[in-house]
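Read off the chains here:
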Amino acid sequence: MNLSLQRPGMRTLFAIATAFLLSLATMTSWAQTSTLQKIKQAGELKIGVAQGDPWYYRDPATGTWTGLGFMIGQTIAKDLGVKLVPVETTYGNSVAALQAGQIDVMFVLDATDERKKAIDFPTKPLLWYAQGVLTKDSLVAKTWSDLDKPEIKIGVALGTATDRDLTKRIPQAKLERFTNTDETIAAFMSGRVDGIAFYHPALVIAYSKIHKGKVQIPQPVVALPTSAGIRREPDTAFRDFLDNEFSRLYTSGQTQALYAQYLKTKGLDAATLPGVTKEALEK
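Structure report, in brief.

The rules we used
Counting of residues starts from 1 at the beginning of each chain's written sequence and follows it residue by residue. Only residues with pLDDT of 70 or above have their local features reported here, since the model is predicted, and side-chain atom pairs are shown and tallied only from 80 upward, although totals for entire chains, interfaces and linings are computed over all residues. No hydrogens and no water enter the side-chain calculation; it runs on all heavy atoms of the structure. Within this scheme a cavity is a closed region of a 1 Å grid, computed over the protein atoms alone, that accommodates a 1.4 Å probe without allowing it to escape, whereas a pocket is open but has protein on both sides within 12 Å along at least five of seven lines; lining residues each have an atom within 4 Å of a point. Grid points are joined across faces, edges and corners, and a volume is the space filled by probe spheres set on the points. Put simply, DSSP marks the helices as runs of H or I at least four residues long and the strands as runs of E at least two long, and each gets a number from the N terminus on. Residue type decides the class: Asp, Glu, Lys and Arg count as charged, Ala, Val, Leu, Ile, Met, Phe, Trp, Tyr, Cys and Pro as nonpolar, and the leftover types, Gly among them, as polar. The pairing test for Phe, Tyr and Trp rings, Trp by its six-membered ring, is centres within 6.5 Å, and the orientation test on the planes gives stacked under 30 degrees, edge-to-face over 60, and tilted for anything in between. The buried label goes to any residue with under 20% of its type's maximum accessible area, the exposed label to any with over 50%, and the partly exposed label to all in between, with areas taken from a 1.4 Å probe on protein chains only. Note on geometry: a ring has a charge over it if NZ (lysine) or CZ (arginine) is within 6 Å of the ring centre and within 35 degrees of the ring normal.

## Topic: the layout of surface pockets
A probe matching the size of a water molecule, rolled over the atoms, marks out where space remains unfilled. Considered as a void within the structure, the largest pocket measures approximately 930 Å³ in volume. Asp53, Trp55, Thr181, Tyr199 and Ala202 are, among the 29 residues lining the largest pocket, the residues nearest its centre. It is helix α8 (residues 200-210) that contributes the most residues to the lining of the largest pocket, six residues altogether. The class makeup of the residues in the lining of the largest pocket is 18 nonpolar, six polar and five charged.

The following block contains the structure:
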């Protein structure tokens, strides 16, 4: 026995060092554990939630979350046999939240080139959304050329992807640019513009609030897929699992069914509105 360890001070230092090394070993082992293993060991799936109807919506009266992204999270947590845990974040902070391990997945997150540099994404699309317009009832927009006329005013949010796309797509129309979504919708409600343009799920939510006009998807359809952000790691088990889940939910019609279920809470009939599958949007 090393007699120097008989001193109280040395025994304390030895105990602290041993505890630190054990803690470090535990942390290292946990860090090397795959996301799917962590989820199953913890018994919970932590998803990012950020205010953005219809994907995520927090009831101001109860504080509870819902929305299509949240409902997809519930379905996948059930399939995993774990508890769903919503963690509030923002779309801007979601990548950092994934990297820090604060959340396991952020549903309805576009796989942009910039995000792909930092995090991973399943290869299968979660759902699709399209460039659309909410127009006054008398305005028919079967094609983009129906809107490409000098006498037609379309409201857009300044600097958005929709603004950039429509500037090129309908150059003859008069684009009225507003600083945010709320101002754009207000302009439509007051009759200052003939229609407003966003990706169609946002237009559907706007319609549910103002009950004015009609949501249309002009041809040719400008449809984009969205996905889910996850941590990048050598073990692809979680990504592979989500690929299978996304494919199953999409092809079985459950993704669209969940969307219809959510729209019903807004007093809307999904059968009368554009869906969230590429096939439905391109009809």
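Having put the structure on the table, let's press on.
## Section: unusual backbone geometry
Across the junction of Asp53 and Pro54, the peptide omega takes the value 15°, indicating a cis bond. Looking at the element boundaries, Pro54 is found in the loop between β1 (44-49) and β2 (57-58). A cis amide bond, omega -10°, links Gln219 with the succeeding residue Pro220. Take Pro220: it is sitting in the loop between β10 (214-216) and β11 (223-230). Residue Val108 is not a glycine yet carries a positive backbone phi of 60°. Checked against the element boundaries, Val108 lands in strand β5 (residues 105-109). Notably, His211 is not glycine yet its phi reads approximately 50°, a positive angle.

## Things to note about empty space enclosed by the protein
One pass over the structure, following the stated rule, counts one cavity of 30 Å³ or more. Reported here for the largest cavity is a volume of approximately 40 Å³. Contributing to the lining of the largest cavity are Asp120, Ile230, Arg231, Glu233, Asp235, Thr236, Phe238 and Arg239. Within the lining of the largest cavity, the residues separate by chemical class into two nonpolar, one polar and five charged.

## Some words on the packing of aromatic side chains
All told, the structure shown has two aromatic pairs when counted by the stated rule. Aromatic side chains Tyr129 and Tyr199 sit 4.8 Å apart centroid to centroid with 75° between the ring planes, which places their arrangement in the edge-to-face category. Taken as a pair, Tyr129 in strand β6 (residues 127-135) and Tyr199 in strand β9 (residues 195-199) lie far apart in primary sequence, 70 residues in all. Among the residues examined, Tyr199 registers a relative accessible area of 21% and is labelled partly exposed. The side chain of Lys212 reaches across the aromatic face of Phe188, ending 5.4 Å from its centre. Directly above the ring of Tyr57 sits Lys266, whose terminal nitrogen or CZ lies 4.0 Å from the centroid.

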